[in-house]
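Per-entry structural report
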Amino acid sequence: MFLVSTKSFPPEIGGMQNLMEGLSTTLLDHGPVKVFADGAKNCELYDQNSKLNIERVHGLKIFRKYRKANLIKEFIQKSEIRACF
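Residues numbered from 1 in each chain as written. Predicted model: local features only at pLDDT ≥ 70, side-chain atom pairs only at ≥ 80, totals over all residues. Heavy atoms only, no water.

Here we look at helix α3 (residues 61-78)
Here α3 is 18 residues long and its end C-alpha atoms lie 26 Å apart, about the 26 Å a rise of 1.5 Å per residue gives. Among the residues making up α3, those that are buried are R64, K68, I72 and F75. Along α3, the residues classed as buried sweep out an arc of 65° about the axis, all on the same side. More than 90 degrees from the buried face of α3, the exposed residues found are F63, K73 and Q77. Each element contacted by the buried residues of α3 is listed here: β1 (2-6), β2 (33-38) and β3 (53-57). (Helix = DSSP H or I, 4+ residues; strand = E, 2+ residues; numbered from the N terminus. Expected span 1.5 Å × (residues − 1). Buried < 20%, exposed > 50% of the residue type's maximum accessible area, 1.4 Å probe, protein only. Arc of directions from axis to C-beta. Contact = heavy atoms within 4.5 Å.)

Quick look at the pattern of salt bridges
Two side chains carrying opposite charge are able to pair once their charged atoms lie near each other. In total, this model carries four salt bridges according to the counting rule given. Across the salt bridge formed by K34 and E55, the nearest N and O atoms sit 3.1 Å from each other. You can see K34 sitting in strand β2 and its partner E55 sitting in strand β3, a full 21 residues away along the chain. Since its relative accessible area comes to 27%, E55 is described here as partly exposed. The partner of D38 in a salt bridge is K68, and the shortest N-O contact between them spans 2.8 Å. Taken together, the residues D38 in strand β2 and K68 in helix α3 connect sequence positions 30 residues apart. Three or more residues joined by partner-sharing salt bridges are found here, namely D38, R64 and K68. (Salt bridge = Lys/Arg side-chain N within 4 Å of Asp/Glu carboxyl O.)

A look at the sheet that holds β1
Spatial strand order, β3-β2-β1-β4: four strands in an open sheet with parallel pairing. The open sheet has two free edges, formed respectively by β3 and β4 (83-84), since each of these has just one partner strand. Bridging between β1 and β2 involves five bridges; their strand directions are parallel. Among the inter-strand pairings, L3 is bridged to a residue of β2, identified as K34. In this fold helix α1 (residues 15-27) packs onto β1 and β2, with an angle of close to 170° to the strand it touches most, β1. (Pairing = 2+ DSSP bridges. Axes fitted to C-alpha atoms, helices over the stretch in contact; angles between N-to-C directions.)

Rendered as structure tokens:
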């Protein structure tokens, strides 16, 4: 399994968002991908239509940062990770 952690992920518009989505989608050819991303407007609709396993973290920036780090730490302990991005 591949793990991707990012602040920039679609449905937001931008170059970094497209790059992270492209990387994650390409990694699907080599195994399952888990994406931890910050919440965005209308992200639920995007996540339902995506082939990726996306977990969104919402809230204030300072709390979101630590909550996402804790979620990733727990996920790594439970899963066999091939690579982190």
